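Working through the structure, step by step
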Amino acid sequence: MSFRWLNRPNASWGMGVGDQTKNTFFELKWKKVHRYVIFKVDENKKEVVVEKTGDPAENYDDFTAALPENDCRYAVYDYDFVTSDNCQKSKIFFIAWSPSSSRIRAKMLYATSRDRFRRELDGVHYEIQATDPMEMDLEVLRDRAH
């Protein structure tokens, strides 16, 4: 009996996640060498890969400008803020970016891979699913983090 089908990605299982992808996330989480990481699904490799990282000096506007207007992506953003007690804090947001203008195939691919990928990112505090820039506005992050 042949089990070759076990090696093929299945839409219900989602795409694989490579070590480099996980390591880049942990660099953001522990070493603080990135402000954000944008991930994309590489259909040829059958896995989620790092597309772009942002330097710690970059801000939220730089992050949103780096997201494609008409294609889906996953991203994590390290949001720094000061509490009412004047305490410096940081929260990591996972953002599933799926603009309404993106291809239906891309939306389905990202939707079926999201849960598996999200589980690989241990340490995310909040999750946002956005189809429009207003759904992931900086005010949304502020409200969730406080």
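Per chain, residues are indexed from 1 in the order of the written sequence. Where totals are concerned, whole chains, interfaces and linings use all residues; where local detail is concerned, this predicted model gives features only for residues with pLDDT of at least 70, and gives and counts side-chain atom pairs only at 80 or more. Excluding hydrogens and water, the side-chain figures rest on all heavy atoms present in the structure.

With respect to the pattern of salt bridges
- Whenever Lys or Arg places a side-chain nitrogen within 4 Å of a carboxyl oxygen from Asp or Glu, that contact is recorded as a salt bridge. Applying the stated criterion across every chain yields a total of 10 salt bridges.
- In this structure, aspartate 115 engages arginine 114 in a salt bridge whose closest nitrogen and oxygen atoms are separated by 3.8 Å.
- Several salt bridges share partner residues, and in doing so they unite Arg114, Asp115, Arg118 and Glu127 into one network.

A closer look at the sheet that holds strand β4 (residues 73-82)
- For two strands to be treated as a pair, DSSP must find at least two bridges joining them. Put simply, DSSP marks the helices as runs of H or I at least four residues long and the strands as runs of E at least two long, and each gets a number from the N terminus on. With mixed pairing, 6 strands are arranged side by side in an open sheet as β1-β3-β2-β4-β5-β6. Taken across any chain shown, the strands that pair with only one partner, and hence form the sheet edges, are β1 (16-17) and β6 (126-130).
- Note that β1 and strand β3 (residues 47-54) share 2 bridges and pair parallel. Residue pairing across strands places valine 17 opposite valine 48, the latter belonging to β3.
- We call two residues in contact whenever any of their non-hydrogen atoms come within 4.5 Å of each other. Working convention: axes come from line fits to C-alpha atoms, limited for helices to the stretch in contact. Angles between N-to-C directions cover 0 to 180 degrees. The sheet strands contacting helix α3 (residues 104-120) are β1, β2 (36-42), β3, β4, β5 (88-97) and β6, and the helix crosses β4 at an angle near 50 degrees.

Thoughts on α3
- What a helix is expected to span follows from its residue count: subtract one and scale by 1.5 Å. Taking 1.5 Å of rise per residue, 17 residues should cover 24 Å, and α3 covers 25 Å from first to last C-alpha, within 8% of that figure.
- A residue's bend is given by the angle between axes fitted to the 7 residues ending at it and the 7 residues starting at it. Helix geometry: α3 is bent most strongly at arginine 114, by close to 45 degrees.
- Listed as buried for α3 are Ala106, Leu109, Tyr110, Ser113, Arg114 and Phe117. Relative accessibility thresholds used throughout: buried, under 20% of the residue-type maximum; exposed, over 50%; partly exposed, between the two (1.4 Å probe, protein chains only).

Here's the deal with the nonpolar core
- In this structure, Tyr74, Val76, Phe94 and Phe117 are the most contacted members of the largest nonpolar core, which totals 20 residues.
- Contributing elements (two or more residues each) for this core: α1 (19-31), β2, β4, β5 and α3.
- In terms of residues, this core owes the most to one element, α3, which gives 4 residues.
- In this structure, Tyr60, Phe63, Phe81 and Met136 belong to the second largest nonpolar core, which totals 17 residues. The criterion is simple. A nonpolar core is a set of buried Ala, Val, Leu, Ile, Met, Phe, Trp, Tyr and Cys residues joined through side-chain atoms within 4.5 Å.

Digging into α1
- Taking 1.5 Å per residue, 13 residues should reach 18 Å; α1 reaches 17 Å between its end C-alpha atoms and fits that length.
- Along α1, the residues that are buried comprise Thr21, Thr24, Phe25, Leu28 and Lys29. Taken down its axis, α1 places every buried residue within 135 degrees of arc, on the same side. Of the residues in α1, the exposed ones pointing more than 90 degrees away from the buried face are Asp19, Gln20, Trp30 and Lys31.
- Turning to α1, the residues buried within the fold contact β1, β2, β3, β4, β5 and α3.
- Of the residues trailing α1, lysine 32 is marked for its positive phi of about 60 degrees. As used here, the arc belongs to the directions running from the helix axis to the C-beta atoms.

Notes on the pairing of β2
- Counting buried positions over the 7 residues of β2 gives 6, a clear majority of the element.
- The loop that links β2 with its antiparallel partner β3 comprises 4 residues; one of these, lysine 46, has a positive phi angle of about 60 degrees.
- Judged from the 4 bridges that link them, β2 and β4 form a sheet pairing that is antiparallel. By the bridge assignment, tyrosine 36 is partnered in β4 with tyrosine 77.

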